[in-house]
Structures are given as C-alpha cells and as structure tokens.
Amino acid sequence: PEMTSDDMRVLEKLAALSGEAFEIEFMKEMIRHHASGVAKGKECVKKVYHDELRSLCHNVVGVQAKEIRVMQRWLCRWYDICGFK
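Not measured: the values here are computed from a predicted model. (Residues numbered from 1 in each chain as written. Predicted model: local features only at pLDDT ≥ 70, side-chain atom pairs only at ≥ 80, totals over all residues. Heavy atoms only, no water.)

1. Side note on the pattern of salt bridges
- Taken as a whole, this structure holds 5 salt bridges when the rule is applied.
- One salt bridge in this structure joins Glu25 and Lys13, with 3.2 Å as the shortest N-O distance. Of this pair, Glu25 sits in helix 2 (residues 19–47) while Lys13 sits in helix 1 (residues 5–15), and the two are 12 residues apart along the sequence.
- On the accessibility criterion, Glu25 (12% relative accessible area) is buried.
- Among the ionic pairs, Glu43 bridges to Lys46, the shortest N-O distance being 3.7 Å. (Salt bridge = Lys/Arg side-chain N within 4 Å of Asp/Glu carboxyl O. Helix = DSSP H or I, 4+ residues; strand = E, 2+ residues; numbered from the N terminus. Buried < 20%, exposed > 50% of the residue type's maximum accessible area, 1.4 Å probe, protein only.)

2. Things to note about a nonpolar patch on the surface
- A cluster of nonpolar side chains, namely Met3, Met8 and Leu11, defines an oily patch on the protein surface of about 270 Å² accessible area.
- In this fold, Met3 is placed in the segment before helix 1.
- Judged by relative accessible area, which is 44%, Met3 ranks as partly exposed. (Patch = residues over 30% accessible without salt bridge, like charges linked within 9 Å, V, L, I, M, F, W, Y side chains within 5 Å. Areas by Shrake-Rupley, 256 points an atom, 1.4 Å probe, with all protein chains shown as cover.)

3. With respect to the environment of Ile24
- Mapping Ile24 onto the fold places it in helix 2.
- Measuring from C-alpha to C-alpha, the distance between Ile24 and Arg73 comes to 12 Å, with 49 residues separating the pair along the chain.
- Residue contacts for Ile24: discarding those within four places in its chain leaves Leu75, Tyr79 and Ile81. (Contact = heavy atoms within 4.5 Å.)

4. Quick word on helix 2
- With 29 residues, helix 2 extends 42 Å between its outermost C-alpha atoms, agreeing within 8% with the 42 Å of an ideal straight helix rising 1.5 Å per residue.
- Inspection of helix 2 places Ile24, Glu25, Met27, Lys28, Glu29, Ile31, His34, Gly37, Val38, Gly41 and Cys44 among the buried residues, and these make up the whole buried set.
- Close packing links the buried residues of helix 2 with helix 1 and helix 3 (51–79). (Expected span 1.5 Å × (residues − 1).)

5. Thoughts on a positive patch on the surface
- Residues Lys66, Arg69, Arg73 and Arg77 make up a contiguous surface patch of positive charge.
- With respect to the helices and strands, the residue Arg77 is situated in helix 3.
- Look at Arg77 and you get exposed, because its relative accessible area is 58%. (Lys, Arg positive; Asp, Glu negative; His and termini not counted. Charge placed at Lys NZ, Arg CZ, Asp CG, Glu CD.)

The structure is reproduced here in structure tokens:
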C-alpha cells in the first residue's frame with residue numbers, strides 16, 4: 001500500500017521526537033489509527049457474506065479496541081493525559 005501525505009507527515013513528526021515526547025505522540029497516533037480500524041471492522045462485520053471474514057473483522061475490532069484502552073491507560077498513568085480519544 002502507498003503512504004498518504006498524512007502518513008508521511010506523521011512519520012516525519014515521530015522521527016523528530018524522542019523519549020517522552022515520542023511516546024506520547026506515538027500512542028496518540030496509534031489510538032487514532034486503531035480507532036479507524038475499529039470503525040472499518042464494525043462496518044465489515046455488518047456487511048460481509050463469508051463467516052470467516054466476519055470472524056476476522058470481529059477480531060480486528062476486539063483487538064484494536066483493547067489496544068486503544070491500554071494506550072489510553074498508559075497516557076493517563078504515565079503522562080497525566082486522561083480521556084484521550
């Protein structure tokens with residue numbers, strides 16, 4: 001897949017950071033990225049025909065939603081950035 005200009009912007013931004021600033025920005029970007037995956041996965045579950053693909057999409061929703069919650073907890077616990085969505 002090709003990288004969009006937004007993808008390139010994010011990578012350039014992350015490349016310029018380190019330490020705490022990198023961790024915070026990385027988790028924020030991954031939360032946004034995973035939220036998109038959750039939304040697409042939910043749409044997939046509603047529209048697909050094959051059970052195998054429905055199962056995979058359901059898994060994507062569950063796994064990425066869990067990872068979002070983990071990163072949100074870390075942002076809150078480590079950096080006092082609570083409620084980030």
